[in-house]
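Read off the chains here:
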Amino acid sequence: MSFGNVFKRTLPWVQSPLIANAPMSGAALSELAIAVSRAGGLGQIGFLDDMHQLSNELQMARDKLQDLIATLPDPQVLPIGVGVIVFGSPMEAWMRLFKTHKPAVVWLSFAGANDIRQWTEAIRQASPKSQVWVQLGSVQAALEIVQACHPDALVLQGSDAGGHGHQDGASIVSLIPEVTDTLLHHGNGDIPLIAAGGIVDGRGTAAALALGASGVVMGTRFLSAPETRIPQIYRDAIFKASDGGQATARSRVFDEIWGPNFWPATYDGRCLRNRVYDQYASGMDIKKIRSWLASEMNGSGSESLDVHDMGSLWAGTGVGMVNSMQRAGDIVQTVRDVALKRIGSLAREE
Ligand SMILES: Cc1cc2nc3c(=O)[nH]c(=O)nc-3n(C[C@H](O)[C@H](O)[C@H](O)COP(=O)(O)O)c2cc1C
């Protein structure tokens, strides 16, 4: 199959089709990234505010992946990716980090074309062998960013995705083909597209490849892995959730629960649905919701809150199919095998 060949030179340890864990801030640390890269996927570490901690995680990944690194053409490049939430991040400090650790992929998200261009140019100076991937969620953003700086790949994030994303989004079913056509039309059909959002297994992966993606990124599916750093009650809530379009919701309220929302207006996020969301959707003022929540949490209220209500449990619409714990390496292998079988059997059908 040809889709994986796109990364043969740049990510030589990655098996086809490319499967990556999303760089989930605070949850995807070196343990997850190592397990995913070892299984022939692209392991990624998510954004951390604490650059010292992030540097330690990267060093840990290098130490523990010595045997894999020794098989690669360039032992300086660390065979994992690192996620940056661009808005509000200090560019110089990040460049020092990339220069030192040389991650195979730098994943940029949550910024407009101008900022992405500045970051891309700086990364290409600081760590020329790092691939720059940009996650975005609209056709317009794809075109603007490609024209501004021609990243090495685009991650097309559909509206089913868990975590933050474009407020006005489409699912990958229309996003991938429309971006493909638009980039082709503007002479930029050479950029690999990676699918994200609602993919949790080999079936979703096969579908994304059929739509024109060269690989997939999964966040929600990897919340089931013991290597992902989340509290067990979060993981249990993921396992319990079913009917993903009902069990999750997109809203900006998930960033407003404890105070002002610092996210740019373009973005909201998808979480497990909770009572805060239901109250907000029914028109209750956020200040009222906050004081209700505070009284429930300090014991002076009358209702009992559960884990969904007390925090924002980010999850995508695929959550209903994520039901049990599975090691990250096994996830990568199973998803890859099922996707390849699925594609093979579809190709044989008359
Ligand atoms: C818990 C969680 C944390 C996330 N954190 C980030 C992040 O820090 N940066 C980012 O670019 N995307 C983040 N995302 C979004 C993912 O990059 C990706 O688009 C999404 O997980 C794909 O959809 P899925 O969850 O249905 O697989 C996060 C997603 C989840 C579920």
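So, how was this worked out
- Residues numbered from 1 in each chain as written.
- Predicted model: local features only at pLDDT ≥ 70, side-chain atom pairs only at ≥ 80, totals over all residues.
- Heavy atoms only, no water.
- Pairing = 2+ DSSP bridges.
- Helix = DSSP H or I, 4+ residues; strand = E, 2+ residues; numbered from the N terminus.
- Axes fitted to C-alpha atoms, helices over the stretch in contact; angles between N-to-C directions.
- Contact = heavy atoms within 4.5 Å.
- Near = heavy atom within 4 Å.
- Polar contact = N/O pair within 3.5 Å; in protein donor to acceptor, adjacent residues only side chain to side chain.
- Areas by Shrake-Rupley, 256 points an atom, 1.4 Å probe, with all protein chains shown as cover.
- Nonpolar A, V, L, I, M, F, W, Y, C, P; charged D, E, K, R; others polar.
- Phe/Tyr/Trp six-rings, centres within 6.5 Å; stacked < 30°, edge-to-face > 60°.
- Buried < 20%, exposed > 50% of the residue type's maximum accessible area, 1.4 Å probe, protein only.
- Domains from an automatic or database assignment.
- Buried area = accessible area lost by both parts, 1.4 Å probe.
- Left-handed = near helix turned anticlockwise from the far one by under 90°.

The name given to the chain in an unreviewed UniProt entry is Nitronate monooxygenase domain-containing protein, with the source organism recorded as Penicillium cataractarum.

Novice: What's the story with the sheet that holds strand β8 (residues 193-196) in this structure? I'm lost.
Specialist: Across a sheet, paired strands are connected by hydrogen bonds in the backbone, their directions being either parallel or antiparallel. Here 8 strands make up an open sheet; going across it, the order is β1-β9-β8-β6-β5-β4-β3-β2 and the pairing parallel. One side of each edge strand has no neighbouring strand; the edge strands of this open sheet are β1 (18-21) and β2 (43-45). Adjacent strand axes in the sheet meet at a mean angle of 25° when their direction is disregarded. Bridge count between β1 and strand β9 (residues 215-218): 4 bridges; the pairing is parallel. Bridge pairing links I19 to V216 in β9. Contacting β2 and β3 (78-85), helix α2 (residues 51-64) runs over the sheet at an angle of about 160° to β3. With respect to the sheet, helix α5 (residues 113-126) is in contact with β3, β4 (103-109) and β5 (131-136), its orientation differing from that of β4 by roughly 165°.

Novice: Would you mind showing me how to read the site of the ligand here?
Specialist: Around the ligand lies a shell of 24 residues, among which S109, Q135, G198, G219 and T220 are the nearest. Taking G198, its main chain carries an N or O atom lying 2.8 Å from an oxygen atom of the ligand. Note that an oxygen atom of the ligand is positioned 2.6 Å from one of the side-chain N or O atoms of T220. The protein chains hide 96% of the 590 Å² of surface that the ligand would expose on its own. A per-class count over the shell around the ligand returns 12 nonpolar, 11 polar and 1 charged.

Novice: Is there a simple way to explain the packing of aromatic side chains in this structure?
Specialist: What characterises a pair of aromatic rings is the spacing of the ring centres plus the angle enclosed by the ring planes. Counting across every chain of the model gives 9 aromatic pairs. Ring centres of F7 and W133 lie 5.9 Å apart, and the angle between their planes is 45°; on these two criteria the pair is classed as tilted. Of this pair, F7 sits in the segment before β1 while W133 is found in strand β5, placing the two residues 126 residues apart along the sequence. Ring geometry for W94 versus F98: centroids 5.8 Å apart, planes at 45°, classification tilted. On the criterion of helical spacing, the pair formed by W94 and F98 is a turn pair, its members being 4 residues apart in helix α4 (residues 91-101). For W94, a relative accessible area of 1% translates into the label buried. Three or more aromatic residues link up through ring pairs in this structure, and these residues are F87, F110, W263 and Y267.

Novice: What's the story with the side chain of T248 in this structure? I'm lost.
Specialist: Within the fold, T248 resides in strand β10 (residues 248-251). What makes T248 buried here is its relative accessible area of 2%. There is a polar contact of 3.0 Å between the side chain of T248 and the side chain of R270. When neighbours within four sequence positions are excluded, T248 is seen to be in contact with R270, C271, L272, R273, A315, G316, T317 and V319.

Novice: I tried to follow the domain arrangement of the chain on my own but got confused; where do I start?
Specialist: In many reports, interface size means the accessible area that the parts give up when they come together. You can read the domains of the chain as domain 1 (3-230 + 326-348) and domain 2 (242-314). The straight-line distance from the C-alpha centre of domain 1 to that of domain 2 is 29 Å. Contacts between the two partners involve 14 residues from domain 1 and, on the opposite side, 13 residues from domain 2. On the domain 1 side of the interface with domain 2, the three residues burying the most area are F87, H164 and Q167, jointly 46% of the side's total.

Novice: Could you clarify how one ought to interpret the packing of α4 against α5 in this entry?
Specialist: How two helices pack is summed up by the angle between their axes together with the distance between the axes. Direction vectors running N to C along α4 and α5 enclose 35°, while the axes themselves pass 9 Å from each other. You can see that α4 and α5 cross each other, and the crossing is right-handed. Mapping the contact onto sequence places M91, W94, M95, F98 and K99 in α4 and Q118, W119, A122, I123 and A126 in α5. Looking at the contact of α4 with α5, its residues break down into 8 nonpolar, 1 polar and 1 charged.

Novice: Could you clarify how one ought to interpret the sheet that holds strand β11 (residues 267-272) in this entry?
Specialist: Taken together, the 3 strands give an open sheet; going across it, the order is β7-β11-β10, and neighbouring strands pair in antiparallel fashion. Lying at the two open borders of the sheet, with one neighbouring strand each, are β7 (163-166) and β10. Across the sheet, the mean angle separating the axes of adjacent strands is 30° when strand polarity is ignored. Of the strand pairs in this sheet, β7 and β11 are connected by 4 bridges, and their pairing is antiparallel. Residue pairing in the sheet places H166 in a bridge with Y267 of β11.

Novice: Just checking my understanding: could you explain the packing of helix α6 (residues 139-149) against helix α7 (residues 172-185) for this structure?
Specialist: Two elements in contact, α6 and α7, have axes whose closest approach is 9 Å; the angle formed by their N-to-C orientations is 35°. The two elements α6 and α7 cross, and the hand of that crossing is right-handed. Note on element contacts: α7 touches α6 through L175, E178, V179, T182 and L183, opposite V139, A142, L143 and V146. Residue classes in the contact of α6 with α7 are distributed as 7 nonpolar, 1 polar and 1 charged.

Novice: Would you mind going over the pairing of β10 with me for this structure?
Specialist: Regular strands have side chains that alternate between both faces of the sheet. Of the two faces of β10, the one carrying T248 and R250 and the one carrying A249 and S251 are both buried. Here β10 pairs with β11 via 4 bridges, running antiparallel. For R250, the partnering residue across the bridge sits in β11 and is R270.

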